[in-house]
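What the coordinates show
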Amino acid sequence: MTRKLYYENQYITDFEAEVVSCVKNGRFYETVLTETAFFPEGGGQPGDTGAINGVRVADTKEINGEIIHFCEGEVSGRVRGSIDWENRFLNMQQHSGEHIFSGVIHRLTGFDNVGFHMSGTEMTVDFNGYISPQVIEQAELETNMCIYENTPFEIIWPKADEVADYTFRSKKEIEGQLRLVKVGEADLCACCGTHVSRAGEVGIVKVISVMNYKKGVRITLRAGRRALEDYIAKNRSIAEISASLCAKTEETAQAVEKLKEKLGAVKYELVGVKNELFAEIIKDIDGKMPAVFYEKGSADDARILADMLADKTKLAFAFCGGGDGGYKYAAVGRDIDVREAGRTLNEKLGGRGGGRPDCVMGSVTASREKIEKAVAEYIEQGYNR
Ligand SMILES: [Zn+2]
């Protein structure tokens, strides 16, 4: 059985050990040592990475009671292990912050953390009941108060006959020796992970987002340096928005609202102007050649134009764009199924698209001349108005 140095002192980064076994299995040499500071994945916390005698350790897992180091090369004899401390400490900050937050939520609501995931830069915690935004805000505040107070993290290994004396949070049934993590009055939880020794090292815990999940909520959190990175990125982003809007950072939301209002008014005005323009465009079009072209328009314009024209001609085609060798088109029918017309255009003009019986939309890659010819042929070839 490997001696677990990470339980004796979670701050050990370098150590010496003997190789018990090193067996190639697929990509990795699965290595067991007499002792190790490499924490194997558990309790939602990822396994450590690092090096053994300079050979990269890509991951660490506990499998059937053995701590396996997944080495990218072979190692033997007496070796020197060194864990990737920056990564481990980030994990400790996240994991320890989550303990305090989950403990506080449990005290405030009675709900349990029923799912914990750490991956990449964020972590999520699932609780088995709805929690209001006010309570989440309160929990965030109390969590950070615990951090300011620099509350110690204590590890308790209760004897079998003492277990009943403790009331603790637990994610699953514990087999074998129980390991409890106590953070003052904030939390008491069964856990196999590595933690900071005092809450102050967590730095900060920040709720990033909350979503309804199953019958409860999923809360995304960041702690310590991960929270700082988030703050830096968001601060940069808000500074750019603020400069772009010429608004104070704390007034950007109102500035965006004003901008939206202005945009709405401009859009409204534009619709009026376009309606006049489109009426002008379709003025002289008749049912003999019910196709209009508007080079500046979008797919939406094509739909509106075809719809306006169909009031006159029952069957109408509108083609917009054309600058890059392709047109967006719409075909609209009044009591006429235009899907066949769409298929014909697509076939003849290298197009694509489709829609409902009364309206199809798509795009074609052809010149105006070719399009006009295709529409004329379609009209001539037995299309019956
Ligand atoms: Zn833990």
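Along each chain, residues carry numbers from 1 onward, in the same order as the chain's sequence is written. Local features in a predicted model are, by the rule used here, given only for residues with pLDDT of at least 70; side-chain atom pairs are given and counted only at 80 or more, and totals for whole chains, interfaces and linings are based on all residues.

Within the chain one finds eight helices and 20 strands. Within these notes, the globule rule equals 2.2 Å times the number of residues to the 0.38 power, and the radius of gyration is based on C-alpha atoms. For 385 residues, the compact-globule formula gives about 21 Å, and the C-alpha radius of gyration of the chain, at 33 Å, lies well above that figure. On the principal axes, the C-alpha backbone points of the chain span a range of 95 × 50 × 40 Å. Counting other C-beta atoms within 10 Å of a residue's own tells you its class, since 20 or more makes it buried, 12 or fewer makes it exposed, and anything in between is partly exposed; those C-beta atoms are placed from the backbone. Looking at the chain as a whole, 34% of its 385 residues are labelled buried. Our contact criterion uses C-beta atoms placed from the backbone: two residues qualify when those atoms are within 7 Å. Contacts in the chain between residues far apart in sequence, at least 24 positions, make up 56% of those at least 6 positions apart. Helix numbering and strand numbering both begin at the N terminus, where a helix is a DSSP run of H or I of at least 4 residues and a strand a DSSP run of E of at least 2.

In this analysis, strands are considered paired if DSSP registers two or more bridges between them. Note that strand 9 (residues 113-119) and strand 10 (residues 122-127) share six bridges and pair antiparallel. Counted as the bridge partner of M118 is M123 from strand 10. Hairpin connection of strand 9 to strand 10: two residues between the antiparallel strands, including G120 at a positive phi of 60°.

Our focus in this paragraph is the domain arrangement of the chain. The domain limits used here are those given by an automatic or database domain assignment. With domains assigned, the chain is organised as domain 1 (3-83), domain 2 (89-232), domain 3 (247-273) and domain 4 (284-380). A C-alpha centroid distance of 42 Å is found between domain 2 and domain 3.

All right, on to helix 5 (residues 252-282) then. A helix is expected to span 1.5 Å for every residue after the first. End to end, helix 5 covers 44 Å across 31 residues, agreeing with the expected 45 Å (1.5 Å per residue, within 8%). Across the 31 residues of helix 5, two count as buried, placing the element largely on the outside.

All right, on to the environment of I12 then. Mapped onto the elements, I12 comes out in the loop between helix 1 (5-8) and strand 2 (14-25). Apart from residues lying up to four places away in sequence, I12 is in contact with L5, Y6 and A37.

Here, a nonpolar core denotes buried Ala, Val, Leu, Ile, Met, Phe, Trp, Tyr and Cys residues that are linked to one another through C-beta atoms within 7 Å. If you look at the biggest cluster of nonpolar residues, it comprises 33 residues, and the most contacted ones within it are L305, A306, A318 and Y329. Within the residue set of this core, elements represented by two or more residues are helix 5, strand 16 (291-294), helix 6 (299-313), strand 17 (315-321), strand 18 (327-333), helix 7 (339-349), strand 20 (359-364) and helix 8 (368-380). Once you skip the residues sitting within four places of it in the chain, L305 turns out to touch F278, I281, I282, V292, Y294 and A318. Formed by 31 residues, the second largest nonpolar core is a distinct cluster that contains M92, M118, C146 and L221.

Between helix 4 (residues 224-245) and helix 5, the shortest axis-to-axis distance is 10 Å and the interhelical angle comes to 50°. Classified by the angle their axes make, helix 4 and helix 5 are oblique. Pair helix 4 / helix 5 crosses with left-handed handedness. Of the residues in helix 5, those touching helix 4 at I238, I241, S242 and L245 are T252, A255 and L259. In the contact of helix 4 with helix 5, the residues fall into five nonpolar, two polar and no charged. All axes are obtained by fitting lines to C-alpha atoms, using only the stretch in contact for helices, and the reported angles, taken between N-to-C directions, cover 0 to 180 degrees. By the definition adopted for this analysis, an angle is roughly parallel if under 35 degrees, roughly antiparallel if over 145, roughly perpendicular if from 65 to 115, and oblique otherwise. Take the far helix as the reference: if the near one is turned anticlockwise from it by less than a right angle, the crossing is left-handed, and if turned clockwise, right-handed. Classes in brief: Ala, Val, Leu, Ile, Met, Phe, Trp, Tyr, Cys and Pro nonpolar; Asp, Glu, Lys and Arg charged; the others, Gly included, polar.

Here we come to the sheet that holds strand 6 (residues 55-63). With respect to topology, six strands assemble into a closed barrel ordered 2-3-7-6-5-8, the strand pairing being antiparallel. The average undirected angle you get between the axes of adjacent strands in this sheet is 45°.

Here the focus is the sheet that holds strand 9. Across the sheet, four strands lie side by side as 9-10-15-14; this open sheet has antiparallel pairing. Either end of the sheet is taken by a strand with one partner, and the two such strands are strand 9 and strand 14 (205-213). Within this sheet the neighbouring strands show an average axis-to-axis angle of 20°, counted without direction. The strands touched by helix 4 within the sheet are strand 14 and strand 15 (216-223), with strand 15 carrying the most contacts at an inclination of about 90°.

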